[in-house]
Amino acid sequence: MKHVRYGAVLVALGVMVVFSTGCPLTTFYVTYPTNSQHYTVNAGNQLVMTVRFSRDVDFSSLVAGANVVLDTDTTANATITIAAGSAANEIVITTTDTVANLLTFQPDGFFKLNIAGDGVRPVEDTSGEALDGDKDNVAGGNFSHQYIMLG
């Protein structure tokens, strides 16, 4: 009888955890960046953003300026390059222009990364599943992340 009560308590705690935290995502989604400071500036004074996904990304599904877009203070759809990261679930996005030409600093500089999970050519994982950009546990939806460079 004692074990039954403990089992009931553990089940109740498990249900409570699921309701309080939600079910874990099972889709292909962005896991990083998670805050506005997750970027660097390289020696050429270019913005560099690393993006990690929950699964390996199909690199051929990434199209700079089409389904991976960077908007800055001065430039909508800034010219970027996309390179493979250190793992198959990671990409590195670098601007071709410099920070001085992309951000206005009034008083801070703002730039936004958009990655498409919808549309004609969504970003996909290696099994062909489209990005769950809005993290609703359904493939599709666009990911958008705002960065801030303090002025």
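No experiment lies behind these values; they were computed from the predicted model shown. (Residues numbered from 1 in each chain as written. Predicted model: local features only at pLDDT ≥ 70, side-chain atom pairs only at ≥ 80, totals over all residues. Heavy atoms only, no water.)

A. Examining the environment of Asp118 more closely. Among the structural elements, Asp118 can be located in the loop between strand S7 (109–115) and strand S8 (143–149). The exposure class of Asp118 is partly exposed, given its relative accessible area of 39%. A polar atom in the side chain of Asp118 sits 2.8 Å from the backbone nitrogen of Gly141. (Helix = DSSP H or I, 4+ residues; strand = E, 2+ residues; numbered from the N terminus. Buried < 20%, exposed > 50% of the residue type's maximum accessible area, 1.4 Å probe, protein only. Polar contact = N/O pair within 3.5 Å; in protein donor to acceptor, adjacent residues only side chain to side chain.)

B. Layout of the nonpolar core. Core analysis: the biggest nonpolar cluster contains 27 residues, and Phe53, Val68, Ile93, Phe111 and Ile115 have the highest contact counts within it. Broken down by secondary-structure element, the contributors of at least two residues to this core are strand S3 (47–53), strand S4 (68–72), strand S5 (80–84), strand S6 (90–95), helix H2 (99–102), S7 and S8. Top contributing element to this core by residue count: S3, with four residues. The contact partners of Ile93, leaving out residues within four places of it in the chain, are Leu47, Val48, Met49, Val51, Val68, Ile80, Thr81, Ile82 and Leu113. (Core = buried A, V, L, I, M, F, W, Y, C linked by side-chain atoms within 4.5 Å. Contact = heavy atoms within 4.5 Å.)

C. Summary view of the side chain of His145. When you line up the elements, His145 lands in strand S8. By relative accessible area, which is 10% here, His145 ends up buried. A polar atom in the side chain of His145 sits 2.9 Å from the backbone oxygen of Asn35. The contact partners of His145, leaving out residues within four places of it in the chain, are Pro33, Thr34, Asn35, Ser36, Phe111, Lys112 and Leu113.

D. The arrangement of the side chain of Asp132 in detail. Its place among the elements puts Asp132 in the loop between S7 and S8. No salt bridge is formed by the buried Asp132, whose closest oppositely charged neighbour, Arg55, lies at an N-O distance of 8.6 Å. Contact partners of Asp132, with chain neighbours within four places excluded, come to Leu25, Thr27, Phe28, Tyr29, Asn137, Val138, Ala139, Gly140 and Gly141. (Lys, Arg positive; Asp, Glu negative; His and termini not counted. Salt bridge = Lys/Arg side-chain N within 4 Å of Asp/Glu carboxyl O.)

E. The arrangement of the pattern of salt bridges in detail. Evaluation of the coordinates by the stated rule reveals three salt bridges. Measuring nitrogen to oxygen at the nearest pair gives 2.7 Å for the salt bridge that ties Glu90 to Arg52. Taken together, the residues span a long stretch of sequence, with Glu90 in strand S6 and Arg52 in strand S3 at a distance of 38 residues. Judged by its relative accessible area of 10%, Glu90 falls in the buried class. The class of Arg52 is partly exposed, set by a relative accessible area of 31%. Notably, a salt bridge pairs Arg55 with Asp125, separated by 2.8 Å at the nearest N-O pair. Separated by 70 residues along the polypeptide, Arg55 in the loop between S3 and S4 and Asp125 in the loop between S7 and S8 bring together distant segments of the chain. You can call Arg55 partly exposed: its relative accessible area is 27%. Judged by its relative accessible area of 1%, Asp125 falls in the buried class. Among the charged side chains, a network of salt bridges with common partners joins Arg55, Asp125 and Glu129.

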